[in-house]
Amino acid sequence: MANRYERSQAIFERAKAVIPGGVNSPVRACRSVGTDPAFVAQGDGAAIVDADGNRYLDLIGSWGPLILGHTHPEILEAIKETMASGTTFGAPTEIEVRFAEALRDALPSMEMVRAVSSGTESTMSALRLARGFTGRAKIIKADGGYHGHADCLLVAAGSGAATLGIPGSAGVPEGAARDTIVVPYNDLPAVEQALAGGDVAAVIVEPVAGNMGLVVPAPGYLEGLRAACTKHGTVLIFDEVMTGFRVAWGGAQRLYGVTPDLTTIGKVIGGGLPAAAFGGRADIMQKLAPLGSVYQAGTLSGNPLAMAAGLKTMEILARPGTYERLEHLGTKLGEGLFAAAQAAGVPACLNRVGSMLTLFFCAGPVTDYATAKTADTARFGTFYRRMRERGVFLPPSQFEAMFVSLAHTDEDVQQILEAARGALAD
Ligand SMILES: *Cc1c(COP(=O)(O)O)cnc(C)c1O
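Residues numbered from 1 in each chain as written. Predicted model: local features only at pLDDT ≥ 70, side-chain atom pairs only at ≥ 80, totals over all residues. Heavy atoms only, no water.

Caption draft 1: Examining the site of the ligand more closely. Around the ligand lies a shell formed by S118, G119, T120, Y146, H147, G148, E206, N211, D239, V241, M242 and K267. Within the backbone of G119, a nitrogen or oxygen atom sits 2.8 Å from an oxygen atom of the ligand. In this structure, a nitrogen atom belonging to the ligand sits 2.7 Å away from a side-chain N or O atom of D239. In isolation the ligand has 380 Å² of accessible area, and contact with the protein removes 82% of it. Partitioned by chemical class, the residues of the shell around the ligand number three nonpolar, six polar and three charged. (Near = heavy atom within 4 Å. Polar contact = N/O pair within 3.5 Å; in protein donor to acceptor, adjacent residues only side chain to side chain. Areas by Shrake-Rupley, 256 points an atom, 1.4 Å probe, with all protein chains shown as cover. Nonpolar A, V, L, I, M, F, W, Y, C, P; charged D, E, K, R; others polar.)

Structural data, given as structure tokens:
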């Protein structure tokens, strides 16, 4: 039988010789699902085609940005049009102002905005700003929360409810981890206790967790964080890099009606190009250079092509019916996947907000990282591989969310569910 992945495998061999692990971001290597990556040749709407010509319905969407699907004609047109006038200047352009205004209009808590090029940059910068603003060093993050790969955020929980961090990666000095307090997600008392000393600069939290698999905020959790941060003069940072314009127009803060002091945002707002931003209360943002004493900069920050793709994405998402459509597709996919698992007698728990969802292979409920880790990752690996054989491209980890896009049709979802029923059988 012909090898369906011959070309991908050949490229992977070359890749491994020049790129560590053959990939430019580790999860792409597919190690946790026990296979090798398919190298992508092209995308089109809801589908991608790999180097061997295999076609897949894509539920990664570049890990969130492609809420409109691949090669959306209006996005391509916006990039082309902007490109004709130059790709970067290192001097301010009007499109950056439009981008900041568009963010402020959709997320009124972002009174002032600074554009950067990645989510990692946005969270790293927002934390420095919060520390500069408060004059405090400590930060609080949730166990299993992912906020990019800055040293102080690559911190693992110790044992206990609220623990001082230990380095979660080689190369992170103890000093960088020491000021990071790690608490379980959805555990408000743990945050309140950690804040009580009055020496915490910021709480950074994904308002819907998406990087331990999807975990929904418990009723009152976000409101409680808001109240506790206000009480202690701590800056509340919502990391909406994944949820911004994904779970709702204006993000999770609009969906749940809770206002953070600072917001970090990325993925969708770049429209498939590298754009991210952080912003919030004007009195805090005015601490940034050149107005204030907190330094932050970027050669390609506010890049016109990325701004154009992001602005066009926001414009399209503002059209009537988009989030209703995403909710419809998300519901259909989520309910269908859960039903398929039940029919197959596989213990499963489905967590979903809008077009973002995770099927955990455990009975659940999954409410934090500890419960997420009870999922059967070997079973997920089998499910992943069988789905890929059946033409569905899932995120290659149990602890990631799948994303539906506006390019997916009801028929696409049917086809994915058909594949899932086959993949879950026996
Ligand atoms: C993806 C992500 C980041 C990091 O963004 P990059 O652009 O990959 O650096 C930060 N926070 C959250 C919540 C994310 O989902």
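Caption draft 2: View of the nonpolar core. Among the nonpolar cores identified, the biggest contains 31 residues, and I140, Y185 and L225 are the most heavily contacted of them. Contributing elements (two or more residues each) for this core: β5 (138–142), β9 (180–183), α6 (188–195), β10 (200–205), α7 (221–232) and β11 (235–240). Residue contributions to this core reach at least three from each of two domains, namely domain 1 (6–71 + 320–425) and domain 2 (73–317). Of all hydrophobic cores here, the second largest spans 30 residues; its members include L333, A341, V392 and V413. (Core = buried A, V, L, I, M, F, W, Y, C linked by side-chain atoms within 4.5 Å. Buried < 20%, exposed > 50% of the residue type's maximum accessible area, 1.4 Å probe, protein only. Helix = DSSP H or I, 4+ residues; strand = E, 2+ residues; numbered from the N terminus. Domains from an automatic or database assignment.)

Caption draft 3: Spotlight on the packing of helix α13 (residues 377–389) against helix α14 (residues 410–424). Two elements in contact, α13 and α14, have axes separated by 9 Å at closest approach and are oriented at 130°. With respect to their mutual orientation, α13 and α14 come out oblique. When the axes of α13 and α14 are compared, the crossing they make is right-handed. From α13, F383, R386 and M387 reach across to α14, where they touch I416, A419, A420, A423 and L424. For the contact of α13 with α14, the class distribution of residues is seven nonpolar, no polar and one charged. (Axes fitted to C-alpha atoms, helices over the stretch in contact; angles between N-to-C directions. Parallel < 35°, antiparallel > 145°, perpendicular 65-115°, else oblique. Left-handed = near helix turned anticlockwise from the far one by under 90°. Contact = heavy atoms within 4.5 Å.)

Caption draft 4: Structural view of the side chain of Q296. Checked against the element boundaries, Q296 lands in the loop between α9 (282–285) and α10 (304–317). Look at Q296 and you get buried, because its relative accessible area is 8%. A polar atom in the side chain of Q296 sits 3.2 Å from the side chain of R114. For Q296, the residues in contact, after removing those within four places along its chain, are R114, V116, S125, R128, F278 and L288.

Caption draft 5: Here's a closer look at the domain arrangement of the protein. Domain boundaries in the protein define domain 1 (6–71 + 320–425) and domain 2 (73–317). Summarising the inter-unit geometry, the C-alpha centres of domain 1 and domain 2 are found 25 Å apart. Facing the 29 residues of domain 1 at the interface are 31 residues of domain 2. Taken together, both faces of the contact between domain 1 and domain 2 bury some 2,400 Å²; the carbon and sulfur share is 67%. For the domain 1 face of the interface with domain 2, the top three residues by lost area are Y323, V353 and M356, together amounting to 27%. At the boundary of domain 1 and domain 2, one finds zero salt bridges. Linking domain 1 with domain 2 are nine residue pairs in polar contact (both at pLDDT 80 or more). (Buried area = accessible area lost by both parts, 1.4 Å probe. Salt bridge = Lys/Arg side-chain N within 4 Å of Asp/Glu carboxyl O.)

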